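Observations on the model geometry
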Amino acid sequence: MKYIPLIWAGLWRKRARTIFTLLSIVVAFMLFGLLQGVNSAFDKGIQGANVNRLYVQNRVTFTEPLPYSYLSQIESVPGVNGVAWMSWFGTYYQDPKNFVFSFPVDAERYFDLYPEDHLPKDQLNALIHTRTGAVIGSELAKKYGWKIGDHIPLHSTIWTKPDGTSDWTFDIVGIYEDPQDPARATQFLFNHTYFDEGRSFGKGTVGWYIVRIADPSKAAAITQTIDNLFANSSDETRTLTEKENAQSFLKQLGDINFMVTAIVGAVFFTLLFLTGNTMMQSIRERIPELAVLKTIGFSDLSVLLLVLGEALMLCLASAILGLAAATAIFPAMRDVAGVVSLPMIVIAMGLGAAVLLALVTGLPPAWRARSLNIVDALAGRK
Amino acid sequence: MGSIVSLRNVVKTYMRGKQPVEVLHHLDVEIPEGDFLALMGPSGSGKTTLLNLIAGLDQPTEGELTVAGERIDRLPSGKLAKWRARNIGFVFQFYNLMPMLNAERNVELPLLLTSLGSAERKRNVAAALAIVGLADRAKHKPSELSGGQQQRVAIARALVADPKLLVCDEPTGDLDRETADEILGLLQTLNREHHKTIIMVTHDQRAADFATRQLHLDKGRLVESPQKSAA
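1. Remarks on the overall build of chain A
Across its full length, chain A holds 15 helices and 12 strands. Taken against the 2.2 N^0.38 rule, which gives 21 Å for 382 residues, the C-alpha radius of gyration of chain A at 29 Å runs more than 25% over that of a compact globule.

And the structure:
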């Protein structure tokens, strides 16, 4: 602790240079926090996938529908103990930027297969018995201030009605919650019957089936059995585990992980040179001062640690500011990341990266300071 | 009083390119405790080299070097650093203060290497600044002080850990006559009243006259001094 004023003073010897370097590192760590936060949120979704659920979708692409008639055949496969379905409704509320994740479902089957989505029994009954009824996730309700009893119009970018319009109206009859991950309760679920009767095309089809299996170890065999059932039909299927399905969905957006790693890697590579150069320059300018420290009894190791301490203080302080900024901004990215707060793992990774950055950029000048020959340095020969 | 510095047959050789250059030739010197010694000689005579050896900043090529009861020619670098912290106070020609630290923090530097607590360090710093007459300048940075005041801060830094020996390399070389006399007077006081052994390298005969003894070097050898010569 007693060396901190000395380290701090060394850091601020050239105030402007330190501020500019600090700002560069702050921006880099803010970018790291935001990008890695999105990546981590997606990854969390994949890792949290339910091992008992399979997804049956059209082999051509997941946007192609499947016949409703497949339901009974899938239900008859040994090992399957529940089937539900969903379709992609593709809607926004009032303005195209207000995208809403909305899906027509069979309410009973859906909430049976997704026990993590908690919906009170009376609200489930209300959904079943209200043709235009809809239940929404608690996060979605919070976002738009919707409540039970509200009459909500949504505009579908895909599904038109026979009169050519694409505006659908719904009555909110329930709000579900996901206690384990409240931030994921963002869906808008409504009755498939209302959807199927109201649409002008595609009647008798569903987007995909969700299958619950009793034994996850038999997932591969059941997957194969289901796909074999529909082989050589006009709508062949591709069955995936929930985890594979989530990964496949994210791949449609691009290889997020690769993009994040590439951008963050490029930023940190640049940062290495910037910070390394600042540290080297700072030490070069202070050779006589370091020689004086050694003269009055600071050992080679103490001098090395002082210089490393400066690099560590600069990188850690900047990383903390950058990650704090990312934490403040992150809730605004809820629609992209699906979570409201920066995951702790990202903050820990950021601090780890700051320590690594400090070691890599601080070690060469620290070693130079350690190796200083006092007599040469005092005589200005180094 | 016994010797605080004892050199026996000390040789120092530097390599200039591939050529060895002997800077000090088989020196035998004894400096008693409590002495105020002026080390004089022309440029290149080896006086700063000798001072560096005595202060433990450099190692002799040959010979025995005992300072403050320790054979320092045998000490490895880490132990030598600790030894310097305990036994030696340094005063340089250009003060060599840390520009970003105020006077108080500069003086405190040697005490960071001790086990003293913060309050005790503060007390010792205040005492050292009072001895050099700069108690009221404790919060000033070097850039806010005159050359003479900076050298006083440097002397306070050299004194604060209560070393046995003060080594001063041209301590008045960068000061005007009047300020130089003040600094030399201060060194004299430290020697007389605080019983500090002082070794001072200087070109200046007027500065050397403040010392109790003078030692003259020429081309790496001790020569007879015209006045106040070493015994």
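Now, onward.
2. So, the overall build of chain B
Each helix and strand in chain B was counted, giving 7 helices and 10 strands. Scaling as 2.2 N^0.38, a compact globule of 231 residues should have a C-alpha radius of gyration of about 17 Å, and chain B matches this with 17 Å. In terms of principal-axis extent, the alpha carbons of chain B reach across some 50 × 40 × 40 Å. Within chain B, the proportion of its 231 residues that are buried is 49%.

3. Some points on the interface of chain A and chain B
Each side of the interface is counted separately: chain A has 19 residues, and chain B has 19 residues. Ranked by residues supplied to the side of chain A that touches chain B, first place goes to helix α11 (residues 287–295) of chain A with 5 residues.

4. A closer look at the environment of F188(A)
Residues and elements named next belong to chain A. One can find F188 in strand β9 (residues 187–191). For the pair F188 and P78, spaced 110 residues apart in the sequence, the C-alpha separation amounts to 32 Å. Leave out the neighbours within four places in its chain, and F188 touches V100, F101, S102, A134, I136 and L140.

5. Some details on the sheet that holds strand β2 (residues 19–32) of chain B
Residues and elements named next belong to chain B. The strand order across the open sheet built from 4 strands is β2-β1-β4-β5, with neighbouring strands paired in antiparallel fashion. Of all strands in the sheet, those bounded by a partner on one side alone are β2 and β5 (70–71). As paired elements, strand β4 (residues 62–67) and β5 share 2 bridges and run antiparallel to each other. Across the sheet, residue T66 finds its bridge partner in β5, namely R71. Packed on one face of the sheet, helix α1 (residues 47–54) meets β1 (3–16), β2 and β4 and runs near 120° to β1.

6. What about the sheet that holds strand β9 (residues 213–218) of chain B?
The strands making up a sheet associate through hydrogen bonds between their backbones, and the pairing can be parallel or antiparallel. Residues and elements named next belong to chain B. The mixed open sheet is built from 6 strands, whose spatial order is β6-β7-β8-β3-β9-β10. Edge positions in the sheet fall to β6 (88–91) and β10 (221–223), since each has one partner strand and no second. The sheet shows a mean angle of 25° between the axes of neighbouring strands, direction not considered. Of the strand pairs in this sheet, strand β3 (residues 36–40) and strand β8 (residues 197–201) are connected by 4 bridges, and their pairing is parallel.

7. Remarks on the packing of helix α12 (residues 300–329) of chain A against helix α14 (residues 344–370) of chain A
Residues and elements named next belong to chain A. Running from N to C, α12 and α14 point in directions that differ by 150°, and their axes come no closer than 7 Å. Overall, the two elements α12 and α14 adopt an arrangement that is roughly antiparallel. Here α12 and α14 pass one another in a crossing that is right-handed. Looking at the contact of α12 with α14, its residues break down into 21 nonpolar, 3 polar and 2 charged.

8. Topic: the confidence of the model for chain B
All names here are of chain B. Looking at chain B as a whole, the pLDDT averages 90, with 96% of positions reaching at least 70. Per-element confidence in chain B ranges from a low mean pLDDT of 87 for β10 to a high of 95 for helix α3 (residues 103–108). Interface predicted TM-score (ipTM) for the complex: 0.89; the corresponding pTM is 0.71.

9. Description of the nonpolar core
Core analysis: the biggest nonpolar cluster contains 116 residues, and L37(B), L39(B), A156(B), V167(B), I199(B) and M200(B) have the highest contact counts within it. Broken down by element, the residue count for this core peaks at 10 residues, all from α12(A). In contact with I199(B), not counting residues within four places along its chain, are I31(B), L37(B), L39(B), L51(B), I54(B), L165(B) and V167(B). Formed by 46 residues, the second largest nonpolar core is a distinct cluster that contains L54(A), Y55(A), V56(A) and V206(A).

10. A few points about unusual backbone geometry
Notably, Q94(A) is not glycine yet its phi reads approximately 65°, a positive angle. On the secondary structure map, Q94(A) appears in the loop between β4 (91–92) and β5 (99–105). Within the chain, N9(B) stands out as a residue other than glycine whose phi angle is a positive 55°. On the secondary structure map, N9(B) appears in strand β1. According to the C-beta neighbour criterion, N9(B) is partly exposed, with 13 such atoms within 10 Å.

11. Considering the pairing of strand β1 (residues 53–58) of chain A
All names here are of chain A. Within β1, 5 of the 6 residues are buried, which leaves it mostly tucked inside the rest of the structure. Bridging between β1 and strand β12 (residues 237–241) involves 5 bridges; their strand directions are antiparallel. Following the sheet pairing, N58 is matched in β12 by T237.

12. Quick look at helix α10 (residues 256–285) of chain A
With 30 residues, α10(A) should reach 44 Å at 1.5 Å per residue; the first-to-last C-alpha distance of 43 Å fits that figure. Inspection of α10(A) places V260(A), V264(A), L271(A), T275(A), T278(A), M279(A), S282(A) and I283(A) among the buried residues, and these make up the whole buried set.

13. Description of the packing of helix α1 (residues 4–11) of chain A against α12(A)
Residues and elements named next belong to chain A. Two elements in contact, α1 and α12, have axes separated by 9 Å at closest approach and are oriented at 70°. Considering the angle they form, α1 stands roughly perpendicular to α12. Crossing of α1 against α12: the hand is right-handed. Every residue of α12 that contacts α1 at L6, I7, W8, G10 and L11 is listed here: L306, G309, E310, M313 and L314. When the residues that make up the contact of α1 with α12 are grouped by side-chain class, the tally is 7 nonpolar, 2 polar and 1 charged.

14. What about α1(A)?
For α1(A), the full list of buried residues reads L6(A), G10(A) and L11(A). Summarising the axial view, the buried residues of α1(A) lie within an arc of 135°, below the 170-degree limit, and thus occupy one face.

15. Observations concerning the environment of L57(B)
By secondary structure assignment, the location of L57(B) is in the loop between α1 and β4. Counting along the chain gives 23 residues from L57(B) to L80(B), while the straight-line C-alpha distance between them is 8.3 Å. In contact with L57(B), other than residues within four places in its own chain, are T295(A), I374(A), V375(A) and N52(B).

Basis of the calculations
For every chain, the first residue of the written sequence is number 1, and numbering continues from 1 along that sequence. To label them, take the chains in the order written and letter them from A, then take the ligands in the order written and number them from 1. Only residues with pLDDT of 70 or above have their local features reported here, since the model is predicted, and side-chain atom pairs are shown and tallied only from 80 upward, although totals for entire chains, interfaces and linings are computed over all residues. The helix and strand labels rest on DSSP assignments: H or I over at least four residues marks a helix, E over at least two residues marks a strand, and numbering proceeds from the N terminus. We take the radius of gyration over the C-alpha atoms and set the globule estimate at 2.2 Å times the residue count to the 0.38 power. Counting other C-beta atoms within 10 Å of each residue's C-beta, where C-beta atoms are placed from the backbone, gives the exposure class: buried for 20 or more, exposed for 12 or fewer, partly exposed between. Think of it this way: build a C-beta for each residue from its backbone, and any pair within 7 Å is a contact. At least two bridges found by DSSP between two strands is the condition for calling them paired. With axes taken as lines fitted to C-alpha atoms, and helix axes fitted only over the stretch in contact, angles between N-to-C directions fall between 0 and 180 degrees. What sets the label is the angle itself: under 35 degrees gives roughly parallel, over 145 gives roughly antiparallel, 65 to 115 gives roughly perpendicular, and the rest give oblique. Here a crossing is taken to be left-handed if its near helix is turned anticlockwise relative to the far helix by less than a right angle, and right-handed if that turn runs clockwise. Classification used: nonpolar for Ala, Val, Leu, Ile, Met, Phe, Trp, Tyr, Cys and Pro, charged for Asp, Glu, Lys and Arg, polar for all others including Gly. Think of pLDDT as the predictor's per-residue confidence, scored from 0 to 100. In these notes, a nonpolar core means any group of buried Ala, Val, Leu, Ile, Met, Phe, Trp, Tyr and Cys residues linked to one another through C-beta atoms within 7 Å. The span expected for a helix works out to 1.5 Å for each residue beyond the first. Throughout, the arc means that of the directions going from the helix axis to the C-beta atoms.

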